[in-house]
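Now for the letters of each chain:
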Amino acid sequence: MNHPWIVYLTAYLGVRIHRARTAPTRGASAVEWVIITAIIAGVALGLATLIKSLVEQKQSEIQGSFGGGGGTGGNP
C-alpha cells in the first residue's frame, strides 16, 4: 500500500477531514435557525388552517341544527 496515489489520497483526505472538523460553524448556525423557523412557521400555519376549517364545520352544523338561526326567542 505504498503506491504514490494511495499515499496522496490518504494525505489529501486527512487534510480535508481536519479542515471540516475545525471549521467555524457560525454560518451554519444561522442557516439552521432559518430552517427551524421556517419549519415552525409552516406547522403553525397548517394547524391554524386545520383549526379554522374544523371551527367553520362545527359552526355550520350548529346553525343547521337550529334551523339557520334567528327565531322566536325560545317560544315555539
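Below, the structure is looked at part by part.

Definitions and limits used
Residues numbered from 1 in each chain as written. Predicted model: local features only at pLDDT ≥ 70, side-chain atom pairs only at ≥ 80, totals over all residues. Heavy atoms only, no water. Patch = residues over 30% accessible without salt bridge, like charges linked within 9 Å, V, L, I, M, F, W, Y side chains within 5 Å. Areas by Shrake-Rupley, 256 points an atom, 1.4 Å probe, with all protein chains shown as cover. Salt bridge = Lys/Arg side-chain N within 4 Å of Asp/Glu carboxyl O. Helix = DSSP H or I, 4+ residues; strand = E, 2+ residues; numbered from the N terminus. Phe/Tyr/Trp six-rings, centres within 6.5 Å; stacked < 30°, edge-to-face > 60°. Buried < 20%, exposed > 50% of the residue type's maximum accessible area, 1.4 Å probe, protein only.

**Details of a nonpolar patch on the surface**
Now for step 1: A contiguous nonpolar surface patch, about 830 Å² in accessible area, is contributed by Val 31, Ile 35, Ile 39, Val 43, Leu 47, Leu 50, Ile 51, Leu 54 and Val 55.
Now for step 2: Following the sequence through the fold, Val 43 ends up in helix α2 (residues 26-65).

**Brief notes about the packing of aromatic side chains**
Now for step 1: On inspection of all chains with the given rule, the structure shows 2 aromatic pairs.
Now for step 2: Between the aromatic rings of Trp 5 and Tyr 8, the centroid separation amounts to 6.3 Å while the plane-to-plane angle is 90°, which identifies the pairing as edge-to-face. Of the two residues, Trp 5 and Tyr 8 both sit in helix α1 (residues 4-22), 3 residues apart, roughly one turn of that helix.
Now for step 3: Trp 5 sits in the exposed class, given a relative accessible area of 59%.
Now for step 4: Of the residues examined, Tyr 8 reaches a relative accessible area of 48% and is grouped as partly exposed.
Now for step 5: Seen in terms of ring centroids, Tyr 8 and Tyr 12 are 6.2 Å apart; in terms of plane orientation they differ by 15°. Their pairing is stacked. Remark: Tyr 12 and Tyr 8 occur in helix α1; sequence separation between them is 4 residues, near one turn of the helix.
Now for step 6: Of the residues examined, Tyr 12 reaches a relative accessible area of 42% and is grouped as partly exposed.

The values reported here are purely geometric and, on their own, carry no functional implication.
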